[in-house]
Amino acid sequence: MLDFLGDLKRTHMCGAVRPSDSGQKAVLMGWVNRRRDLGSIIFIDLRDRSGVTQVVFNREQNAVLHDKAEQLRNEYVIAVIGQVKKRDADTFNPNIATGEVELVAEELRILNVSKQLPFLPSDTVLPNEEMRLKYRYIDLRRDAMQFNIETRHKVSMAVRDYLASQGFYEIETPFMTRSTPEGARDYLVPSRVQPGSFYALPQSPQLFKQILMISGFDRYFQIVRCFRDEDLRADRQPEFTQIDLEMTYPQQESVWAVVEGFLTAAFGAMGHKIKTPFPRMDYDEAIRQFGIDKPDLRLPAFTDVRDCFTAEDLQELAIHPDLPVIAIRTPKVGELSRKERDDIKPMFVAKGGARVFEDFKRISNKFPAAAAKIAEKAGMAENDLIVLVVGSAQIAASSEHAHRKVTPQELAIYASAGLLRVALAQKYAERHGLFVKTGDLEKDFRFVWVTNFPMYEWDESERQWMAAHHPFTSPHEEDMPKLENGAQTVKDPKSALSEVRARAYDVVLNGTELGSGSIRIHRQDIQSKIFQSLGMTDEEARTRFGFFLEALEYGTPPHGGIALGLDRIVMILAGADSLREVIPFPKTARAVDLMVDAPTPVSEAQLKDLGIQIKKPVG
């Protein structure tokens, strides 16, 4: 027979009882985390989100109560009334905050029972992820998941408090809007009252937040849900949360200062101090030094060691004489075995004819002078690993984009080296202490702003230029003349569009892009030129963005902003490996919610109401 709660009120959270409460009457409520029956005495570890307190049922003191406690099993929900007592010194539990006290039970109410669970929140060995997601309400009871969600709450509150203190208004934008597909696919919502028409769930509040700037709100922010129908990875979900902000009359540095401020508050909420201002790096510099636009500054930058080889050396090694020879130095790895050297080859992604020399000792033996110069130039210390990434002598020269600071041939070398640099660090460096372990208060957080991205990127499959960031990003003023006749050059890979730089910026932490932003286009004439440069006709631009183009004609102030992934920030602070560990109710890699079994088919009546007929997709 279950008991009712009645008018009983909790006096203490389970994790909050302390020696100072000794002698006091307390009412605790929670789940049975663990039960130990020693015959005349039963110990119950009672758990709520704050922690655990040991509860004692003694047959000699109250046989009826002891008999009732014998019914208790894992995850039963109970309320216990009793007196807080300090434990004997030899029974202290230093592993929990309440380890110096216990509750001597005087009354027990069994509020609910539990079926046998597929796994216990106290289990140290976890079931597979599908089981955890199916029974997410049990998984979320685990200490680790409670910590992750608490971290999410603290980070969100710290960000909100900071931005409010800086004069930002939190303003909600619509979840049901028009489809303006840019990159990822939209999630579409059919309209019953407008048959044949669809809303789209927003991929971001981009246009709405710009319209808020046109509307005079000056400083906006929102911790907002966004939706993208894209293939998933560990750092991707179909619905995700971002910290979104926009402000009028900013320089790029104004936006950066705000972001650094709220990140300082967010990381501080979890006991971490970060250094500001963050260093800044041009996109081209990031590519040349790290082979990627989200560099991990915990690892040494590349070194171009081409000049360490003679022309004859390069010819003998079949290395292209006009392309960089990249030395990747990974500290403290030590000497690799033959098998470990062989393991490097499958880690290498050869782009554009790039090759890898994974055995530096062979280079040292055959080209000792070159190897000595490489070691000196790359700053090689004892136990460091050096791997070379080069361009094959067979790579054909190309005149396309030759006027870019980083040519496509060079980019292929840098990109291959960048991927290998990260893979080597993941495989070898952590075991030698290069990365500080997750959870340490002195964790090595290396932030960087990457700036001056290309405004356009060439899409080889479409044979035309695309917006590298999004089409509402402002070009640099000095690059504006290169936009002239954009519609005529959009199909030309040698177009001056390749030289246009965007006033765009990313904030990166330890190789993870936390967010992207830009100074926006606030003039209708420039926005129209950007659409033209992307091959969009005036009619197409008006059809897709007419409401926004019209809004730009009514006194739009200069403005800019950014959006950072809240899920990614929390994932890093919680030391999690996947976004699914920090989102309460995530989807699987197949975009399925296993707990509620969604998505699911709907009834014929619902489809008829919407005027929709289901057909199998083509292809």
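Residues numbered from 1 in each chain as written. Predicted model: local features only at pLDDT ≥ 70, side-chain atom pairs only at ≥ 80, totals over all residues. Heavy atoms only, no water.

Visitor: Lay out the overall build of the chain with the relevant residues and their values.
Guide: Counting its secondary structure elements, the chain contains 17 helices and 21 strands. Its C-alpha atoms put the chain at 90 × 75 × 50 Å along the principal axes. The buried share among the 619 residues of the chain stands at 49%. Long-range contacts, defined as pairs at least 24 residues apart, comprise 69% of the intrachain contacts of the chain with a sequence gap of at least 6. Counting only carbon and sulfur atoms, one obtains 50% of the accessible surface of the chain, whose full area is about 30,900 Å². When the 80 positive and 88 negative side-chain charges of the chain are each reduced to one mean point, those points stand 3 Å apart. (Helix = DSSP H or I, 4+ residues; strand = E, 2+ residues; numbered from the N terminus. Buried < 20%, exposed > 50% of the residue type's maximum accessible area, 1.4 Å probe, protein only. Contact = heavy atoms within 4.5 Å. Areas by Shrake-Rupley, 256 points an atom, 1.4 Å probe, with all protein chains shown as cover. Lys, Arg positive; Asp, Glu negative; His and termini not counted. Charge placed at Lys NZ, Arg CZ, Asp CG, Glu CD.)

Visitor: For the pairing of strand S5 (residues 101–112), give the residues involved together with the corresponding values.
Guide: Where strand S3 (residues 51–58) and S5 come together, 2 bridges link them in parallel fashion. Bridge pairing in S5 links Val55 to Leu103. Taken together, the 10 bridges between strand S4 (residues 77–86) and S5 define a ladder with antiparallel strand orientation. Note that in S5 the partner of Val80 across the bridge is Leu108. (Pairing = 2+ DSSP bridges.)

Visitor: So what's going on with empty space enclosed by the protein? Residues and values would help.
Guide: Enumeration over the complete set of coordinates arrives at 2 cavities of 30 Å³ or more. Lining the largest cavity we find Leu133, Arg136, Phe585, Pro586, Asp593, Leu594 and Met595. Its residues placed into classes, the lining of the largest cavity shows 5 nonpolar, no polar and 2 charged. If you add up the space inside the second largest cavity, you get close to 30 Å³. Sorting the residues of the lining of the second largest cavity by element identifies S3 and helix H1 (63–69) as the ones contributing at least two each. Each residue belonging to the lining of the second largest cavity can be placed in one class, and the counts come to 3 nonpolar, 4 polar and no charged. (1 Å grid on protein atoms, 1.4 Å probe; cavity = no way out; pocket = protein on both sides within 12 Å on 5 of 7 lines; lining within 4 Å. Points joined across faces, edges and corners; volume = space filled by probe spheres on them. Nonpolar A, V, L, I, M, F, W, Y, C, P; charged D, E, K, R; others polar.)

Visitor: So what about helix H15 (residues 538–551)? Which residues, and what values?
Guide: For H15, with 14 residues, the first-to-last C-alpha span of 16 Å runs short of the 20 Å given by 1.5 Å per residue. Phe545 marks where H15 bends most, by close to 95°. Restricting attention to buried positions, one finds in H15 the residues Ala541, Phe545, Gly546, Phe548, Leu549 and Ala551. (Expected span 1.5 Å × (residues − 1). Bend = angle between axes of the 7 residues up to and from the residue.)

Visitor: Tell me about the pattern of salt bridges, and please be specific about residues and values.
Guide: A complete count under the given rule lists 40 salt bridges for this structure. Close ionic contact of Glu540 with Arg544 constitutes a salt bridge, the shortest N to O distance being 3.5 Å. One end of the pair, Glu540, and the other, Arg544, are both in helix H15, 4 residues apart, so they sit about a helical turn from each other. Classification of Glu540 as partly exposed rests on a relative accessible area of 34%. Members of the salt-bridge network, linked through shared partners, are Arg132, Arg136, Asp139, Arg142 and Glu581. (Salt bridge = Lys/Arg side-chain N within 4 Å of Asp/Glu carboxyl O.)

Visitor: Describe the pairing of strand S21 (residues 559–565), with residues and values.
Guide: Along a regular strand, successive side chains alternate from one face of the sheet to the other. Buried residues dominate S21, accounting for 7 of its 7 residues. Across the two faces of S21 the burial is the same, with His559, Gly561, Ala563 and Gly565 and Gly560, Ile562 and Leu564 all buried. In the sheet, strand S10 (residues 239–248) pairs with S21 via 7 bridges, with the strands oriented antiparallel. Across the sheet, residue Met247 finds its bridge partner in S21, namely Gly560. Bridge count for strand S20 (residues 512–519) against S21 is 5 bridges, and the pairing is antiparallel. Along S21, the bridge assignment pairs Gly515 with Leu564.

Visitor: Kindly report on the packing of aromatic side chains, identifying the contributing residues and their values.
Guide: Enumeration over the complete set of coordinates arrives at 15 aromatic pairs. Measuring from ring centre to ring centre gives 4.3 Å for Phe278 and Phe447, while their planes differ by 5°; the resulting arrangement is stacked. Residue Phe278 is located in the loop between helix H6 (252–269) and strand S11 (280–282), and its partner Phe447 is located in strand S16 (residues 447–451); the two are separated by 169 residues in the primary sequence. With relative accessibility at 2%, the residue Phe278 sits in the buried group. (Phe/Tyr/Trp six-rings, centres within 6.5 Å; stacked < 30°, edge-to-face > 60°.)

Visitor: Tell me about a nonpolar patch on the surface, residues and numbers included.
Guide: A cluster of nonpolar side chains, namely Phe175, Met176 and Tyr199, defines an oily patch on the protein surface of about 280 Å² accessible area. Mapped onto the fold, Phe175 is located in the loop between strand S6 (169–170) and strand S7 (187–190). A relative accessible area of 37% places Phe175 in the partly exposed class. (Patch = residues over 30% accessible without salt bridge, like charges linked within 9 Å, V, L, I, M, F, W, Y side chains within 5 Å.)

Visitor: Break down the packing of helix H4 (residues 143–165) against helix H16 (residues 566–574) for me, citing the residues and quoting the values.
Guide: Between H4 and H16, the shortest axis-to-axis distance is 9 Å and the interhelical angle comes to 125°. As the angle between them shows, H4 and H16 are arranged oblique. The interaxial crossing formed by H4 with H16 has right-handed handedness. Residues Phe147, Asn148, Thr151, Arg152, Val155 and Ser156 of H4 form the contact with H16, whose own contacting residues are Leu566, Asp567, Ile569, Val570, Leu573 and Ala574. Along the lines of polarity and charge, the residues of the contact of H4 with H16 split into 7 nonpolar, 3 polar and 2 charged. (Axes fitted to C-alpha atoms, helices over the stretch in contact; angles between N-to-C directions. Parallel < 35°, antiparallel > 145°, perpendicular 65-115°, else oblique. Left-handed = near helix turned anticlockwise from the far one by under 90°.)

Visitor: I'd like a description of the environment of Thr11, backed by residues and values.
Guide: Inspection of the secondary structure assignment puts Thr11 in the segment before strand S1 (25–37). A residue is classified by how much of its surface remains accessible, and Thr11, at 46% relative accessible area, is partly exposed. In this structure, the C-alpha to C-alpha distance between Thr11 and Gly196, residues 185 residues apart in sequence, is 57 Å. Here Thr11 is in contact with Lys25, Ala26 and Val27, once residues within four sequence places are set aside. Reaching out from Thr11, the side chain makes a polar contact with the side chain of His12 at a distance of 2.8 Å. Polar side-chain contacts of Thr11 include one of 2.7 Å to the backbone nitrogen of Val27. (Polar contact = N/O pair within 3.5 Å; in protein donor to acceptor, adjacent residues only side chain to side chain.)

Visitor: Can you lay out the sheet that holds S20 for me, pointing to particular residues and giving the numbers?
Guide: Remark on secondary structure: sheet strands pair via backbone hydrogen bonds, oriented parallel or antiparallel. With mixed pairing, the 8 strands of this open sheet are ordered in space as S6-S9-S10-S21-S20-S19-S16-S11. With one partner strand each, in any of the chains shown, S6 and S11 form the two edges of the open sheet. Bridge analysis of S11 against S16 gives 3 bridges, and the strand direction is parallel. From the neighbouring strand, Asp282 faces S16, where its bridge partner is Thr451. The strands that helix H5 (residues 206–214) touches are strand S9 (219–227), S10 and S21; relative to S10, the one it contacts most, it runs at about 25°. In this fold H6 packs onto S9, S10, S11, S16, strand S19 (504–509), S20 and S21, with an angle of close to 30° to the strand it touches most, S21.

Visitor: Give a description of the sheet that holds S5 that names residues and reports values.
Guide: Here we have 5 strands rolled up into a closed barrel, ordered S1-S2-S3-S5-S4, and mixed in their pairing. Sheet twist, expressed as the average angle between the axes of neighbouring strands with direction ignored, equals 55°. Note that S1 and S4 share 7 bridges and pair antiparallel. Along S4, the bridge assignment pairs Gly30 with Ile78.

Visitor: Can you lay out the side chain of Gln54 for me, pointing to particular residues and giving the numbers?
Guide: Residue placement: Gln54 occurs in strand S3. Assessed through its relative accessible area of 7%, Gln54 is described here as buried. Among the polar contacts made by the side chain of Gln54, one reaches the side chain of Arg36 at a distance of 2.9 Å. Residues within four places of Gln54 in sequence aside, it is in contact with Arg36, Phe43, Ile44, Asp45, Arg87, Glu102 and Leu103.

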